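Close look at the chain arrangement
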Amino acid sequence: MSRRVVVTGLGMVSPLGIGVKKNWDAVCAGKSGIRPVTRFQVHDDFPVKIAGEVEGFQPEDYIDHKEIKKMDTFIHYAVACGQMALEDSGIEINDSNAERVGVLVGVGLCGLPAIEKYHQIYLDKGVKKITPFFIPMLIPNLASGQVSILLGAKGPNTCVATACATGTHAIGDAYQMVRDGVADVMIAGGTESVITPLAIGGFAAAKALSTRNDDPEGASRPFDKDRDGFVMGEGCGIVILEDLESAKKRGARIYSEVGGYALNGDAYHITAPSPEGQGAARCLQLALENSKLNKEDISYINAHGTSTGADATETTAIKKVFGDHAYKLVVSSTKSMTGHLLGAAGGVEAIYSILAIHHGIIPPTINYTTPDPNCDLDYVPNEARKRKITAALSNSFGFGGTNGVIIFKEMVS
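A short tour of the structure in this document, coming up. Values in this document were obtained by computation on a predicted structure and should not be read as measured data.

Quick word on the pairing of strand 7 (residues 185-192)
In the case of a regular strand, side chains alternate between the two sheet surfaces. Counted residue by residue, strand 7 has eight buried out of eight residues, so it is predominantly covered. Here strand 7 shows two buried faces, one formed by Val185, Ile187, Gly189 and Thr191 and the other by Met186, Ala188, Gly190 and Glu192. With seven bridges joining them, strand 5 (residues 101-107) and strand 7 adopt parallel strand pairing. When the bridges of strand 7 are listed, Val101 appears paired with Val185. Alignment of strand 7 against strand 8 (residues 235-243), held across eight bridges, turns out to be antiparallel. By the bridge assignment for strand 8, Gly190 is matched with Gly237.

Shown next, in the form of structure tokens:
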């Protein structure tokens, strides 16, 4: 069995806002969600003082008060976005379909806030003060688990944790489940919330983060010559994937069709991409082959584009695969506005890619002021652009050399 798979629902929270509309309006306007850190007290000797925090999120808007304390923030975001996406799709989960609806929500660093909080409580007050909900608050599959429980989805219930490629792998793996008939509907995406002293301190120690503390909104600048590291963000992006025939039968609004998917590994280094983007290029090529599209069919690439040295490597990989067409398609990094959402990045960026097709608008790469000779493609600098998009590709690459590429395309009968 090989079925066509479409996207019928979207749910998102990010540093740009709560809900898909606020996010899309903000990203098309080129707004930045990067601000000084407020999630914890940043001391003077802390090297990084900026991040992309989700503002105004109230878990009680989506979760019963008694259940909130059983979850860390990454789970709150997943439950909220799962509800948003399901409501957007118009699907009602009931006894007749529950066993054919699955959940696959991934996370990169999972419950680090809970770990830091309860480690301190243990040191200060002893083991008896650790909450009995501590373990369910932090383990990776509880994002999927809580979404499944609260929405009543009894189909496949699993997760992936592949660093910054997590969201893309989650949606891609879920796509394969629907395509192959394992489920009729999958609630899929990525979530993350680790704006904590240890997480920011750890990435700062690795020299991975921007230190533009005096210019938060200008700190994330993918492909720009003066980029100096990524900015940590948080959030969640979840999509509803559905068998095309069932979507048609119920008269669903279809945002786009999933065109293809690939994943592979560099087998090179724990943090650095393989030389000349060899692994990324192979993944791009595999995704094109899986989609059965020609390279000329791709109009837009939502790049991994982290605002690090790896931006040049990604550019090289794109040129290696697309040849002359690389200079005709357009590439942008929405991380210039959201920061890097780690495990949630692929989920959020998939939604931006889907909406780019749906609305015919390409989000910009903001803070692009000084061209880098090693990054010489059209990065849609600073202003969104209207353009018909027949197919869009979203890249995600993670520590450990893991790569993921997913393609969405315009829905045609």
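Let us keep going from here.
Remarks on the pattern of salt bridges
For the coordinates displayed, the defined rule picks out 19 salt bridges. Between Asp184 and Arg3 there is a salt bridge; the shortest N-O distance is 3.0 Å. Highlighted residues: Asp184 in the loop between helix 7 (166-179) and strand 7 and Arg3 in the segment before strand 1 (5-14), separated in sequence by 181 residues. Look at Arg3 and you get buried, because its relative accessible area is 18%. The residue Lys21 makes a salt bridge to Asp25 at a minimum N-O spacing of 2.7 Å. With a gap of four residues between them, Lys21 and Asp25 both fall in helix 1 (residues 20-28), about one helical turn apart.

Some thoughts on the packing of helix 7 against helix 13 (residues 345-359)
Interhelical geometry of helix 7 versus helix 13 gives an angle of 65° and a closest axis separation of 5 Å. The angle between helix 7 and helix 13 falls in the class roughly perpendicular. Between helix 7, through Gly167, Thr168 and Ile171, and helix 13, the contact on the second element is made entirely by Gly346, Gly347 and Ala350. Looking at the contact of helix 7 with helix 13, its residues break down into two nonpolar, four polar and no charged.

Quick word on helix 7
Between its first and last C-alpha, helix 7 extends 20 Å over 14 residues, near the 20 Å set by a 1.5 Å rise per residue. Of all 14 residues that make up helix 7, 12 are buried, and the element is covered over most of its length. Of all the positions in helix 7, only Thr166, Gly167, Thr168, His169, Ala170, Ile171, Gly172, Ala174, Tyr175, Met177, Val178 and Arg179 are classed as buried. Residue Gly181 follows helix 7 closely and has a positive phi angle near 85°.

Topic: the pairing of strand 8
In terms of burial, strand 8 is largely enclosed, as nine of its nine residues are buried. In this sheet, strand 8 lies alongside strand 1 in antiparallel orientation, the contact comprising eight bridges. Within strand 8, the position partnered with Met12 by the bridge is Gly237.

What counts and how
- Each chain carries its own residue numbering, running from 1 in the written order of its sequence.
- At least 70 in pLDDT is required for a residue's local features to be given in this predicted model, at least 80 for side-chain atom pairs to be given and counted, and no such filter applies to totals for whole chains, interfaces and linings, which use all residues.
- Each side-chain value is derived from all of the structure's non-hydrogen atoms; neither hydrogens nor water enter the calculation.
- Remark: exposure states derive from per-residue accessible area (1.4 Å probe, protein chains only) relative to the maximum for the residue type, with buried under 20%, exposed over 50%, and partly exposed in between.
- Secondary structure follows DSSP: runs of H or I at least 4 residues long count as helices, runs of E at least 2 residues long count as strands, and numbering of each begins at the N terminus.
- Any two strands with at least two DSSP-identified bridges between them are counted as paired.
- Each reported salt bridge corresponds to a side-chain nitrogen of Lys or Arg within 4 Å of a carboxyl oxygen of Asp or Glu.
- Axis definition: a line fit to C-alpha positions, over the contact stretch in the case of helices; interaxial angles, taken between N-to-C directions, run 0 to 180 degrees.
- Each angle gets one of four labels, with under 35 degrees taken as roughly parallel, over 145 as roughly antiparallel, 65 to 115 as roughly perpendicular, and the rest as oblique.
- Residues count as neighbours in contact if any of their non-hydrogen atoms are within 4.5 Å of one another.
- The classification used treats Ala, Val, Leu, Ile, Met, Phe, Trp, Tyr, Cys and Pro as nonpolar, Asp, Glu, Lys and Arg as charged, and all other residues, Gly among them, as polar.
- Residue count minus one, scaled by 1.5 Å, sets the expected span of a helix.

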